[in-house]
Amino acid sequence: MTANSVSDEELAARWSVTAGRLFVFHSLADETLVFDQASGDTHLLDSAAALVLQLLEGDGLSAGELAPRLITELHLPADPELPEHLLGVFHELTERGLI
């Protein structure tokens with residue numbers, strides 16, 4: 001494992017939307033406004049992060065489980081590093097109090 005890699009445990013951790021959160025999504029050109037009805041806060045997310053948030057509204061998902069869904073939804077090429085990149089998105093959404 002390199003200094004920049006993450007553990008299998010981190011990749012397997014399940015993430016989900018914070019209990020009680022209800023979101024309203026409004027797509028703009030390349031970004032999405034997300035209104036958090038519980039807090040009254042509005043967040044500006046890139047479209048991919050907004051899709052991650054939407055996919056996490058159901059059952060919790062790990063980065064490894066979410067990656068293939070994003071590849072399908074966004075018509076992305078397969079990327080073995082996508083689960084690691086998703087951890088960064090998860091941390092951003094956590095800092096905003098969304099998950």
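What comes next concerns the included structure. All of these numbers come straight from a predicted model, not from anything done at the bench.

Criteria and thresholds
Residues numbered from 1 in each chain as written. Predicted model: local features only at pLDDT ≥ 70, side-chain atom pairs only at ≥ 80, totals over all residues. Heavy atoms only, no water. Helix = DSSP H or I, 4+ residues; strand = E, 2+ residues; numbered from the N terminus. Buried < 20%, exposed > 50% of the residue type's maximum accessible area, 1.4 Å probe, protein only. Contact = heavy atoms within 4.5 Å. Areas by Shrake-Rupley, 256 points an atom, 1.4 Å probe, with all protein chains shown as cover. Lys, Arg positive; Asp, Glu negative; His and termini not counted. Charge placed at Lys NZ, Arg CZ, Asp CG, Glu CD. Phe/Tyr/Trp six-rings, centres within 6.5 Å; stacked < 30°, edge-to-face > 60°. Pairing = 2+ DSSP bridges. Axes fitted to C-alpha atoms, helices over the stretch in contact; angles between N-to-C directions.

**A short note on the overall build of the protein chain**
Across its full length, the protein chain carries four helices and three strands. Judged by the C-alpha coordinates and their principal axes, the protein chain covers about 40 × 25 × 25 Å. In the protein chain, which comprises 99 residues, the share counted as buried stands at 31%. Of all intrachain contacts in the protein chain linking residues separated by at least 6 positions in sequence, the fraction that spans at least 24 positions is 49%. Here the protein chain displays about 6,000 Å² of accessible surface, and carbon together with sulfur accounts for 52% of that area. The protein chain carries 4 positive and 17 negative side-chain charges, and their two centres are separated by 8 Å.

**Remarks on the packing of aromatic side chains**
Within the structure shown, the criterion is met by two aromatic pairs. Taken together, a centroid distance of 6.2 Å and an interplanar angle of 65° make the contact between F23 and F25 edge-to-face.

**So, the sheet that holds strand β1 (residues 23-27)**
Backbone-to-backbone hydrogen bonds pair the strands of a sheet. The strands run either parallel or antiparallel. Spatially, the three strands line up as an open sheet ordered β1-β2-β3, and their pairing is antiparallel. Each edge of the sheet is formed by a strand with only one pairing partner; in this case those strands are β1 and β3 (42-46). Direction aside, neighbouring strands of the sheet carry axes that sit 25° apart on average. With five bridges joining them, strand β2 (residues 31-36) and β3 adopt antiparallel strand pairing.

Coordinates in, geometry out; function isn't part of it.
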